[in-house]
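The lines below spell out each chain.
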Amino acid sequence: MDGQLLSDTFVELTDTMVAGFDVIDFMHILTDRSVQLLDVSAAGLLLADPRGELRVVAASSEAARLLELFQLQNDEGPCLECFRSGQPVQAADLTAVALRWPRFAPAAGQAGFAAVQALPMRLREQVIGALNLFRSGPGAFDPAEVRVGQALADVATISLLQERNMRHSDTLNEQLQTALNSRVIIEQAKGKLAERLGLDMDEAFNLLRESARTSNRRLSDLAQAFVNGTDALAGLNVSRPQPLPPAGRPSPAGRPPPAGRPPRRPGS
């Protein structure tokens, strides 16, 4: 595991007091860093809306996002069980739990995932969502990596609650509802940009995030401007995307853009 990246990630996940804090970008930092740090292929994040119903707010890939949506639409899967129980849920081989999740298990296989680890986002008795880690091959998750994943989820949860308190938001539900509304606009912007430039959804989203960071704008504000036509996002570079490094830190030398999960370093 990249110790420096892990340290930088914890700093990012606790730095919620910056001007223009963007909840959606914050959630994507959590999913992206989970994939970069852990032996997983993709990650997704679900948060509860004001009515207590789960919504997809971030995912490291389009395949993970669609699978999370499938869980919600079918009311079945490890992520829902994790949220409802407040406890981690692991399936080391999804083909072996087809009776438990008869719709989710085959859908996960079709999406290219063979194992899943769901981790609760909770503080004491308050559960606000779940971080879900997907892997393309079967096998038990390393307990040490599960602890790191849970630590990332815990820090993100505490940071969200702290940000609410420090900014005097009336309720956590208001904050989460804002994030969910922003998610809808971002999905519209992704689709519009993907169609315009002939990109897949992952590439379109990475370009939006990069443009937002380059222009020092909130991701949701940039997406809204693009959707309503006030910002045409002219001059975007479509020759990549590259994974976004932690703020203020260059990408590790020699680290190629991940197709699913970045390769591990020898001996890590």
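The model shown is predicted, which means the values in this text are computed figures rather than measured ones. (Residues numbered from 1 in each chain as written. Predicted model: local features only at pLDDT ≥ 70, side-chain atom pairs only at ≥ 80, totals over all residues. Heavy atoms only, no water.)

Novice: What's the story with the state of the cysteines in this structure? I'm lost.
Specialist: Disulfide: a covalent bond connecting the sulfur atoms of a pair of cysteines. By the definition in use, this model includes 0 disulfides. Cys-82 provides the cysteine sulfur closest to Cys-79, a residue in no disulfide bond, and the two sulfurs are 7.4 Å apart. Given the relative accessible area of 0%, Cys-79 is considered buried. (Disulfide = S-S within 2.5 Å. Buried < 20%, exposed > 50% of the residue type's maximum accessible area, 1.4 Å probe, protein only.)

Novice: What is the right way to read the environment of Glu-187 from this model?
Specialist: By secondary structure assignment, the location of Glu-187 is in helix H7 (residues 172–197). With 40 residues separating them along the chain, Glu-187 and Val-227 place their C-alpha atoms 9.9 Å apart. Leaving out residues up to four positions away in the same chain, Glu-187 has contacts with Arg-65 and Met-201. (Helix = DSSP H or I, 4+ residues; strand = E, 2+ residues; numbered from the N terminus. Contact = heavy atoms within 4.5 Å.)

Novice: Help me understand helix H4 (residues 78–85) in this model?
Specialist: In an α-helix there are 3.6 residues to a turn, and that puts residues three or four apart on one side. The set of residues buried in H4 consists of Pro-78, Cys-79, Leu-80, Cys-82 and Phe-83. Just past H4, the residue Gly-86 takes up positive phi, approximately 75°.

Novice: How do you make sense of the pattern of salt bridges when you look at a structure like this?
Specialist: When charged atoms on two side chains of opposite charge get close, those side chains can pair. Evaluation of the coordinates by the stated rule reveals 7 salt bridges. The salt bridge involving Asp-39 is made with Arg-135; its shortest N-O contact spans 4.0 Å. Highlighted residues: Asp-39 in the loop between helix H2 (23–37) and strand E1 (42–48) and Arg-135 in strand E5 (residues 126–135), separated in sequence by 96 residues. Measuring nitrogen to oxygen at the nearest pair gives 3.1 Å for the salt bridge that ties Glu-53 to Arg-55. Residue Glu-53 is classed as partly exposed on the basis of its relative accessible area of 35%. (Salt bridge = Lys/Arg side-chain N within 4 Å of Asp/Glu carboxyl O.)

Novice: Help me out: how do you make sense of the packing of H2 against helix H8 (residues 201–214) in this one?
Specialist: For any two helices packed against each other, the geometry is given by the interaxial angle and the distance between the axes. Where H2 contacts H8, the axes come no closer than 13 Å and their chain directions differ by 125°. As judged from the angle between their axes, H2 and H8 are oblique. Considering how the two elements wind past one another, H2 and H8 form a crossing that is left-handed. In this structure, H2 uses Asp-25, His-28, Ile-29 and Asp-32 to contact H8, whose residues at the interface are Phe-205, Arg-209 and Arg-213. For the contact of H2 with H8, the per-class residue count stands at 2 nonpolar, 1 polar and 4 charged. (Axes fitted to C-alpha atoms, helices over the stretch in contact; angles between N-to-C directions. Parallel < 35°, antiparallel > 145°, perpendicular 65-115°, else oblique. Left-handed = near helix turned anticlockwise from the far one by under 90°. Nonpolar A, V, L, I, M, F, W, Y, C, P; charged D, E, K, R; others polar.)

Novice: What should I look at first to understand the pairing of strand E4 (residues 115–123) in this one?
Specialist: Within a regular beta strand, the side chains point alternately toward one face of the sheet and then the other, so they alternate between its two faces. Taken across its 9 residues, E4 has 7 buried, putting it largely inside the fold. Pairing between strand E3 (residues 89–91) and E4: 3 bridges, direction antiparallel. Directly across from Val-89, in E4, lies its bridge partner Ala-118. Sheet topology places E4 next to E5; 9 bridges connect them, and they run antiparallel. (Pairing = 2+ DSSP bridges.)

Novice: I would appreciate a short explanation of the pairing of strand E2 (residues 54–59) in the present structure.
Specialist: Burial within E2 is extensive, with 5 of its 6 residues counted as buried. Relative to E2, E1 runs antiparallel, the two being bridged by 5 bridges. Paired with Leu-46 across the bridge in E2 is Val-56. Here E1 folds back onto E2, and the loop between the two strands holds 5 residues, one of which, Gly-52, carries a positive phi near 85°.

Novice: Help me out: how do you make sense of H2 in this one?
Specialist: Compared with an ideal rise of 1.5 Å per residue, which puts 15 residues at 21 Å, H2 spans 21 Å between its outermost C-alpha atoms and is within 8% of the ideal. When you tally the buried positions in H2, you get 15 out of 15 residues, the bulk of the element. (Expected span 1.5 Å × (residues − 1).)

Novice: Just to check I follow, could you spell out unusual backbone geometry for this structure?
Specialist: Trans peptide bonds make up the majority, and among non-glycine residues the majority have a negative phi. Phi is positive for Asp-75, which is not a glycine, with a value near 50°. Locating Asp-75 in the fold gives a position in the loop between helix H3 (62–74) and H4. Phi is positive for Arg-124, which is not a glycine, with a value near 55°. Mapping Arg-124 onto the fold places it in the loop between E4 and E5.

Novice: What exactly am I supposed to notice about the nonpolar core here?
Specialist: What tends to happen in soluble globular proteins is that the nonpolar side chains get buried as a cluster. Of all hydrophobic cores here, the largest spans 28 residues; its most connected members are Met-27, Leu-30, Leu-45, Met-121, Leu-133 and Leu-160. Those elements that provide at least two residues to this core are helix H1 (3–14), H2, E1, E2, E4, E5 and helix H6 (143–166). In terms of nonpolar packing, the next biggest core, distinct from the first, is built from 25 residues, Phe-83, Val-89, Ala-107 and Phe-134 among them. (Core = buried A, V, L, I, M, F, W, Y, C linked by side-chain atoms within 4.5 Å.)

Worth remembering: the numbers are spatial, not functional.
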